[in-house]
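Geometric and topological summary
Single-letter residue listing:
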Amino acid sequence: MKKFKNHHPENQQNLGEEVEEILEKESDVEETPSDDEISAAGDDDILGALKEENQKLKEDYLRAYAELENTKKRCAQEIEKNNKYAVSSFAKNLLSVADNLHRALDAVPEDKRDECEGLTNLLKGVELTEADLMKAFEKNGIKKMDIIGQVFDPNFHQVVQEVEDASKPNGTIIAELQTGYMLNDRILREAMVVVTKGGK
């Protein structure tokens, strides 16, 4: 509070004006925010900024986590795919071995197989070898296509010859010149087939 100067009675009017001026100043000071109020207002701004930053960091974290999970899934799928089809190139090389074993068995007519004991034993050995090879194929997801009597499908079969036969639907497979194989759910080798034509 401001101290008053000594006034003479003749200056009472001036004194009153000075008092009013001081009271107005004090009123202005009371309306001015205090340090605590200023500090509180600043804290609200800081709190708001921190909340925004926290929300942004949460969103960034969730986005990064989702990307990580997607990457893990893709890697797992790639590993599974590689494990599933890793044998494809090796299996293709073995298909010719399977073909030759089958040709060796077909080369001897049924009525000649029992004429010579040595030939009979040889054929049994070839049959056992072919059976073991088929077991190894099956263990690794490689299977023969069962196509005789089915309708030709260009995704799995390759037509080598067409034969007139009106008794069967057009495109029916009646013979297999080369066996087709599947590796799990993928085609490993197309089957070479003979189909009918002239039917419905």
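Rules behind the numbers
- Residues numbered from 1 in each chain as written.
- Predicted model: local features only at pLDDT ≥ 70, side-chain atom pairs only at ≥ 80, totals over all residues.
- Heavy atoms only, no water.
- Patch = residues over 30% accessible without salt bridge, like charges linked within 9 Å, V, L, I, M, F, W, Y side chains within 5 Å.
- Areas by Shrake-Rupley, 256 points an atom, 1.4 Å probe, with all protein chains shown as cover.
- Salt bridge = Lys/Arg side-chain N within 4 Å of Asp/Glu carboxyl O.
- Helix = DSSP H or I, 4+ residues; strand = E, 2+ residues; numbered from the N terminus.
- Pairing = 2+ DSSP bridges.
- Axes fitted to C-alpha atoms, helices over the stretch in contact; angles between N-to-C directions.
- Contact = heavy atoms within 4.5 Å.
- Buried < 20%, exposed > 50% of the residue type's maximum accessible area, 1.4 Å probe, protein only.
- pLDDT = per-residue confidence, 0-100.
- 1 Å grid on protein atoms, 1.4 Å probe; cavity = no way out; pocket = protein on both sides within 12 Å on 5 of 7 lines; lining within 4 Å.
- Points joined across faces, edges and corners; volume = space filled by probe spheres on them.
- Nonpolar A, V, L, I, M, F, W, Y, C, P; charged D, E, K, R; others polar.

It is worth spelling out a nonpolar patch on the surface at this point. A surface patch of nonpolar side chains, about 370 Å² in accessible area, is lined by Y61, L62 and Y65. Structurally, L62 can be placed in helix α2 (residues 35–85).

The subject of this paragraph is the sheet that holds strand β5 (residues 186–189). Pairing within the open sheet is antiparallel, and its 3 strands lie in the order β1-β4-β5. Of all strands in the sheet, those bounded by a partner on one side alone are β1 (142–144) and β5. On average, each strand axis in the sheet is tilted by 35° relative to the strand beside it, whichever way the strands run. With 3 bridges connecting them, strand β4 (residues 181–183) and β5 associate as antiparallel partners. Residue pairing for β5: Y181 is matched across the bridge by R189. Relative to the sheet, helix α3 (residues 88–107) contacts β1, β4 and β5, its axis offset from that of β5 by approximately 45°.

Among the 7 residues in strand β6 (residues 191–197), 5 count as buried, and that is most of the element. Of the pairings in the sheet, the one linking strand β2 (residues 157–164) to β6 comprises 7 bridges and is parallel in character. Bridge pairing in β6 places Q161 opposite V194. The sheet contact formed by strand β3 (residues 173–178) and β6 spans 4 bridges and is antiparallel.

Residues of the protein with pLDDT of at least 70 account for 78%, and the chain-wide mean is 81. Of all the helices and strands in the protein, helix α1 (residues 12–31) carries the lowest mean pLDDT, 54, while β4 carries the highest, 93. Confidence drops under a pLDDT of 50 for residues 1–9, and excluding neighbours within four residues, the segment shows 9 contacts in the predicted structure.

Over the atoms, a rolled probe matching the size of one water molecule traces out where space is still vacant. Computed from the structure, the largest pocket encloses a volume of approximately 190 Å³. Lining the largest pocket, in full, are D99, H102, R103, D106, K144, E176, L177, Q178 and T179. Those elements giving two or more residues to the lining of the largest pocket turn out to be α3 and β3. If one sorts the elements of the lining of the largest pocket by residue count, α3 sits on top with 4 residues. A breakdown of the residues in the lining of the largest pocket according to their chemical character gives 1 nonpolar, 3 polar and 5 charged.

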